[in-house]
Amino acid sequence: MSLFFHIAAGLCFAGTVCCIFHCLYNMRSKAERTMLWIAVMMALPGIGWILYLCFGFSSRAKFKSFVEEQLAASLDVRKKLPCGLLEQTADSQIRFSPDASNFSGMNPETLIMLDRIFPEQPLLTGNDVRLICNGDRAYPEMIHAIESAKHFIHIQSFIIADDSVGKAIFDALERQAAKGVLVRVIYDKFGSFHAIRSHFFRRYSGKSPNLEIHAFSRLSLWTPWRIQLRNHRKLLIVDGKTAFIGGLNISADNFRIRRRKVPPIRDLHCCVMGPAVMRLQMSFLNDWCIASHCPPEKVFDPEMFPVMKETSGTHVLRVIPSGYGCEQNGTEKVFFTAAACARRSLWIMTPYFVPDLPFLKALRTTSMRGVEVRIVLPEKNNHKYMFLASRSLYESLLEDGVRIFERRGSFSHAKAMLVDGEWCYFGSSNCDVRSFRLNYELDLLISSGSFLQDLHGEFRKAFLESREITLENLLKKQSIPARILENICALFTPIL
C-alpha cells in the first residue's frame, strides 16, 4: 500500500511539473491564464494537470498542422478548378480606393483597416441578405429550402438535438438523399453530445450513400484537448445558391411548442443569396476536408460552385471564418476594430459576455471618447456561471459610461454587433474569450443594405424589452455573498 501511494504521488508530481513547464512555454502572451492554470495545478495535485490537459492544453500542434496542410491543399485544388472559382468574385470584389465609401456605409479608414486584417476575404457586392427572427420562422424556411434542393445540401451546426426539430430536418435530408441529392452534415461532438448519446446520427448514417454525417473533431482519451476544438458554426447551403447562417442551432428549444411551458429561446438568423454564398461554400468544404479526412481534390467539385451572379440586393459584405487555418482570432480582430473605429455608437448583443481584459479596456476607452456603447445581455441565462462572470464586469464598465441592458423574458441567444448604424457583425460569434480565440466561428460583416435597418430595429426592440442596469442600483442591490460568487466565477474568465 505504501509503495502504491509513493508511485501515485510521484506520478502526480511528475505530471504537475511537466504541465507547468508546458504552460509556461506556450502561454507567454496570456499571463492571467497562465497564472490561473499554475495555481489550479499546484492547489489540486493530480486533478489539476488532468483538468489542464482537457481544458487548458493549448498546443494542439498536430491538429493545427493537419488543418493547415488540408487548407493549403484545398487552395491548390481551387486554383485548378475549370469553373474559375477564384475568378468568380472578380466582378464583385471591391479593391479599396479613395472613393471606396461609394460601395459601403463605412468610413474609408475602417474599410482600409479591415482590408489589411482580412486580405483573403474581399468585400462582395450584389448580395441579398434577409433577417429571420427565431426558430418559428427559420426552421420552416430551412426545411422548405432543403425540400427544393436539386443537387446538394451542406449543413453544419454546433448543436443538433434528438428532438422534434432535429428529426424534422434530418427526415427531410434523408428524403432528399433518397432522391439522389448529395447531403453532407457536420456536427460538433461537444455541442451535440446528447444526440450522440441517444444514437441519433447512427439512425440516419448508412441509410443512403448520398447522406454522409461526420463529427468535426474526434475525441479520445489520448487527445483530451480536442474538447476545446469546437466548431461553433451554423450553416445551411442548398445547391450553392442559397445559404442560411446565424446563431440558430438545430433544437426544439428554439421552437414554440404549444404544450411546453418554457418559452422558446430567442435567436437571430439570416438567409443569403448572391456571390457571398460561394465563400460560405468554401468554408464548409474546408471543414468537410477536416471532418471526413477526404482529400480536397475529391471535395472541391466544380459542380459545387455554380456561377454566381449579383442579385438585385444591395448588401455589401465579407464572409469571416475564424479558427485554425483561416482567419486566426478573426472574431477578436473585428471586435477590436469596432471599438477602435466607432465614431457615434457601438451596440453589442450577446448571450455570453466574458471577454478578456484588453477588450474590456477597449470598450471603456471607446465610451470615454464619447461613443455610445450599449451591451444587451439576457436577464436569464442558460449557463448560470456565465451570467455571474458577466455581472462581475458590470461595475467597471458602468463607471466609464458603458450602458448595460438585461433583456427580460425568455433566454436570448442572439449575437450581433452594430457600429455607427453603418456596418454590423452577425453570425455565430459571442463576445467572449472562447469565440475570440478557441472556437471555429462563421460570421458576416455587412456594410450596406436594408439588413442594417432591420438589425437596428431588433436592437431597439431589445432595448425596450430590457431593464437598464445603473451603477447605483447595481451597488445597492448587490449582496456580499453575491459579489463574492460573481468574483469567483470571474476568476475563470480566461478559460470559460
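Residues numbered from 1 in each chain as written. Predicted model: local features only at pLDDT ≥ 70, side-chain atom pairs only at ≥ 80, totals over all residues. Heavy atoms only, no water.

S.K.: How should the overall build of the protein be read in this particular structure?
M.R.: Counting secondary structure elements, the protein contains 19 helices and 18 strands. Counting the 496 residues in the protein, one finds 56% classified as buried. Within the protein, contacts between residues separated by at least 24 positions form 82% of all contacts whose residues are at least 6 apart in sequence. Of the accessible surface of the protein, which amounts to about 21,900 Å², a share of 59% is contributed by carbon and sulfur atoms. (Helix = DSSP H or I, 4+ residues; strand = E, 2+ residues; numbered from the N terminus. Buried < 20%, exposed > 50% of the residue type's maximum accessible area, 1.4 Å probe, protein only. Contact = heavy atoms within 4.5 Å. Areas by Shrake-Rupley, 256 points an atom, 1.4 Å probe, with all protein chains shown as cover.)

S.K.: How should the environment of Pro378 be read in this particular structure?
M.R.: Tracing the backbone through its elements, the reader meets Pro378 in strand E12 (residues 372-378). On the basis of relative accessible area, Pro378 is assigned to the buried category, the value being 4%. Placed 84 residues apart in sequence, Pro378 and Ala462 show a C-alpha to C-alpha distance of 9.8 Å. Among residues more than four places away in sequence, those in contact with Pro378 are Thr350, Pro351, Phe387, Arg407, Phe411 and Ser412.

S.K.: Hey, could you run me through the pattern of salt bridges in this one?
M.R.: Side chains bearing opposite charge may pair, as long as their charged atoms lie close to each other. Under the counting rule described, the total for this entry stands at 19 salt bridges. With a closest N to O distance of 3.0 Å, Arg203 and Asp162 form a salt bridge. Residue Arg203 is found in helix H9 (residues 200-204), and its partner Asp162 is found in the loop between strand E3 (152-157) and helix H7 (164-178); the two are separated by 41 residues along the sequence. According to the relative accessible area criterion, Arg203 is partly exposed, its value standing at 37%. Looking at Asp162, the relative accessible area reads 27%, which means it is partly exposed. (Salt bridge = Lys/Arg side-chain N within 4 Å of Asp/Glu carboxyl O.)

S.K.: What should I look at first to understand the pairing of strand E14 (residues 416-419) in this one?
M.R.: A regular strand places its side chains on the two faces of the sheet in alternate fashion. Burial of the side chains of E14 extends over both faces: Ala416 and Leu418 are buried on one face and Met417 and Val419 on the other. Two elements, strand E10 (residues 345-349) and E14, share four bridges in a ladder whose sense is antiparallel. Counted as the bridge partner of Ile348 is Met417 from E14. The sheet contact formed by E14 and strand E15 (residues 423-427) spans four bridges and is antiparallel. Note that in E15 the partner of Met417 across the bridge is Tyr425. Where E14 hands over to E15, the hairpin turn is made up of three residues, of which Asp420 adopts a positive phi near 60°. (Pairing = 2+ DSSP bridges.)

S.K.: Looking at this model, I keep getting lost on the packing of aromatic side chains. Mind explaining?
M.R.: Aromatic ring pairs: the centre-centre distance and the angle between the two ring planes describe each pair. Overall, the coordinates contain 21 aromatic pairs when judged by the stated rule. Ring plane angle 90° and centroid distance 5.7 Å describe the contact between Phe335 and Phe359, whose orientation is recorded as edge-to-face. Of this pair, Phe335 sits in helix H12 (residues 330-341) while Phe359 sits in helix H13 (residues 357-368); the two residues are 24 residues apart in sequence, bridging distant segments of the chain. In terms of burial, Phe335 and Phe359 fall into one category: buried. In textbook terms, an aromatic cluster arises when at least three aromatic residues are bridged by ring pairs, as seen for Phe170, Tyr187, Phe200, Phe201 and Tyr204. The residue whose ring lies beneath Lys207 is Tyr204, and the NZ or CZ to ring-centre distance is 5.6 Å. (Phe/Tyr/Trp six-rings, centres within 6.5 Å; stacked < 30°, edge-to-face > 60°. Lys NZ or Arg CZ within 6 Å of the ring centre and 35° of its normal.)

S.K.: Just checking my understanding: could you explain the packing of H12 against H13 for this structure?
M.R.: When two helices pack together, their arrangement is given by the angle between the helix axes and the distance between those axes. Relative orientation of the contacting elements H12 and H13 amounts to 25°, with a least axis distance of 8 Å. Taken together, the axes of H12 and H13 are roughly parallel relative to one another. You can see that H12 and H13 cross each other, and the crossing is left-handed. Facing Phe335, Phe336 and Ala339 of H12, the residues of H13 in contact are Pro358, Phe359, Ala362 and Thr366. Along the lines of polarity and charge, the residues of the contact of H12 with H13 split into six nonpolar, one polar and no charged. (Axes fitted to C-alpha atoms, helices over the stretch in contact; angles between N-to-C directions. Parallel < 35°, antiparallel > 145°, perpendicular 65-115°, else oblique. Left-handed = near helix turned anticlockwise from the far one by under 90°. Nonpolar A, V, L, I, M, F, W, Y, C, P; charged D, E, K, R; others polar.)

S.K.: Would you mind showing me how to read the side chain of Ser283 here?
M.R.: Looking at the secondary structure, you find Ser283 in helix H10 (residues 276-292). Once residues within four sequence positions are removed from consideration, Ser283 is found in contact with Arg233, Pro321 and Leu442.

S.K.: Teacher, can you tell me more about unusual backbone geometry here?
M.R.: Leaving glycine aside, a negative phi is the common case for residues, and trans is the common case for peptide bonds. If you check the backbone angles, Asn134 has positive phi at about 70° while not being a glycine. Relative to the helices and strands, Asn134 is located in helix H6 (residues 134-147). Accessibility expressed as a relative area gives 28% for Asn134, which makes it partly exposed. One non-glycine residue, Asp239, lies in the positive phi region at around 60°. With respect to the helices and strands, the residue Asp239 is situated in the loop between strand E6 (235-238) and strand E7 (242-246).

Any link to function would need more than the numbers given here.
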